[in-house]
Amino acid sequence: MPNSNIRLIIEKNIPFVKGLLDPYATVRYLAPEEITPKAVRETDGLMIRTRTICDRELLGRSEVKMIATATIGTDHIDEDYCRSRTITVTNAPGCNAPAVAQYVFATLMQVINRPLSSYTIGVVGLGHVGEIVARWAEAFDMKVLRCDPPRQEAEGGEGWCSLDDIAREADIVTFHTPLTRDGDHPTFHMAGEEFFGKLRRSPILINSARGGIVDTQALVEAKKYGKVDPLIIDCWEGEPSIDAGLLAVTSIATPHIAGYSKEGKIRASQIALDALTTFFMMPRVTVEAPLPPAAARSVSKDEILRSYDPMPESDALKAHPENFEAIRNAYPLRHEARES
């Protein structure tokens, strides 16, 4: 019999976890819209994704002690409020980084018309994803501009550049930062009117990080006046209700699925399971699928093209943007690119 003293809610769209914790806790599997203040009131732990906003409104009258999000980002969680309530929050850093890097190069190969080695790519944010993107780009003999002010301040050394440098020199700009509004280097609308006004090479722009990193209206204006082109957008402000004007001028438009690989989901689910079982002192459980290897050190163009075609999801979203969430939830998990 499960330990009825531990009460969990698991978002039902999280793969590879169904039934694993049922022998040790009372588990409810709910859709994001079903995870309400009433539902969580008598709940000890949550396993969620980005569609569950964890703030005072949701948690204020709850008994929640621990939240494990099976995602890299935590901007859907009010961490200050959780700290004030001594609610432990964990995420899954790096879980889908290889898949996002795969997305970057797969989409680029749909819109470029000359060898990758002839491009300068500006990578904004050198965390788990950005480091893989930069490494693969160098393997393609691309010139890489690395922009990460927090890391630059913490680590020092050479090889860093500013956002202004990227605006002047990059043929491709790809964002891989968390979404932050506070601190010395907030990323909310970091790509806004000021940034777009400094662009000199009408770069390809890719946002597969968080929608709010880019100011939507400023981007639409920049596209209108030829400051940036083409656009590749996976993360949107206001998801799942996305801006029709931005959608209309985007070359590749996908419903926040850049990180949706089978391997990434396995990693995320296992990390979230480990966090819950550790916190609540339950036996460790493992997903049935084998844990995947680390990201490839380098990949070939043929492997990228073989492993992922982003156009079916782009065509579907452009045809029916109102189905953003349905397309996302029905997305068939792809495999990551393999070592070249």
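Everything here concerns the structure above.
Residues numbered from 1 in each chain as written. Predicted model: local features only at pLDDT ≥ 70, side-chain atom pairs only at ≥ 80, totals over all residues. Heavy atoms only, no water.

A. Spotlight on the sheet that holds strand S7 (residues 143–147). Pairing in this open sheet of six strands is parallel, and the strands run S7-S6-S8-S9-S10-S11 from one edge to the other. At either margin of the open sheet sits one strand with a lone partner, and together these are S7 and strand S11 (252–253). As judged from the four bridges shared by strand S6 (residues 120–124) and strand S8 (residues 172–175), these two strands associate in the parallel manner. Each residue of the ladder has a partner; that of Ile-121, found in S8, is Ile-172. (Pairing = 2+ DSSP bridges. Helix = DSSP H or I, 4+ residues; strand = E, 2+ residues; numbered from the N terminus.)

B. Region of interest: the environment of Ala-316. Mapped onto the elements of the fold, Ala-316 is located in helix H13 (residues 311–319). The spatial distance from the C-alpha of Ala-316 to the C-alpha of Arg-267 is 28 Å, given a sequence separation of 49 residues.

C. How the structure looks around H13. For H13, every residue scored as buried is listed here: Glu-313, Ser-314 and Leu-317. The buried residues of H13 occupy one face: seen down the axis, they fall within an arc of 100°. (Buried < 20%, exposed > 50% of the residue type's maximum accessible area, 1.4 Å probe, protein only. Arc of directions from axis to C-beta.)

D. Structural view of the packing of aromatic side chains. What the rule picks out here adds up to seven aromatic pairs. Seen from their ring centres, Tyr-103 and Tyr-308 are 6.3 Å apart, and the 35° between their planes marks the pair as tilted. Here Tyr-103, found in helix H4 (residues 97–111), pairs with Tyr-308, found in the loop between helix H12 (301–307) and H13; they are 205 residues apart in sequence, far enough to count as distant. A relative accessible area of 0% means that Tyr-103 is categorised as buried. Looking at Tyr-308, the relative accessible area reads 5%, which means it is buried. Consider the rings of Tyr-260 and Tyr-331, whose centres lie 6.0 Å apart with planes at 65°: the pair is edge-to-face. Taken together, the residues span a long stretch of sequence, with Tyr-260 in the loop between S11 and helix H11 (262–279) and Tyr-331 in the segment after helix H14 (324–329) at a distance of 71 residues. (Phe/Tyr/Trp six-rings, centres within 6.5 Å; stacked < 30°, edge-to-face > 60°.)

E. Representation of the sheet that holds strand S2 (residues 26–30) within the structure. Pairing is parallel across the open sheet formed by five strands, whose spatial order is S2-S1-S3-S4-S5. One side of each edge strand has no neighbouring strand; the edge strands of this open sheet are S2 and strand S5 (88–90). Direction aside, the axes of adjacent strands within the sheet are offset by 15° on average. In this structure, strand S1 (residues 7–11) lies alongside strand S3 (residues 45–48), joined through three bridges in parallel fashion. Residue Leu-8 lies in a different strand from S3, and its bridge partner there is Gly-45. The sheet contacts of H11 involve S1, S3, strand S4 (66–69) and S5, and relative to S4 the element is tilted by about 165°. (Axes fitted to C-alpha atoms, helices over the stretch in contact; angles between N-to-C directions. Contact = heavy atoms within 4.5 Å.)

F. Quick look at the nonpolar core. If you look at the biggest cluster of nonpolar residues, it comprises 40 residues, and the most contacted ones within it are Phe-105, Trp-136 and Met-142. Residue contributions to this core peak at nine residues, all from H4. Excluding residues within four positions of it along the chain, Met-142 makes contact with Phe-105, Leu-116, Ser-117, Tyr-119, Ile-121, Ala-137 and Ile-172. (Core = buried A, V, L, I, M, F, W, Y, C linked by side-chain atoms within 4.5 Å.)

G. Up close: the pairing of S6. A large share of S6 lies buried, amounting to five of its five residues. The two faces of S6 match: Thr-120, Gly-122 and Val-124 on one face and Ile-121 and Val-123 on the other face are all buried. Here S6 runs beside S7; their pairing, made up of five bridges, is parallel. Paired with Ile-121 across the bridge in S7 is Val-144. Regarding topology, helix H5 (residues 128–139) serves as the crossover connection from S6 to the parallel S7, and that connection is right-handed. (Right-handed = clockwise from strand over helix to strand, strands pointing away.)

H. Representation of the environment of Gly-19 in the model. With respect to the secondary-structure elements, Gly-19 resides in the loop between S1 and S2. On the accessibility criterion, Gly-19 (31% relative accessible area) is partly exposed. Along the chain, Gly-19 and Tyr-29 lie ten residues apart, while their C-alpha atoms are 9.6 Å from each other.

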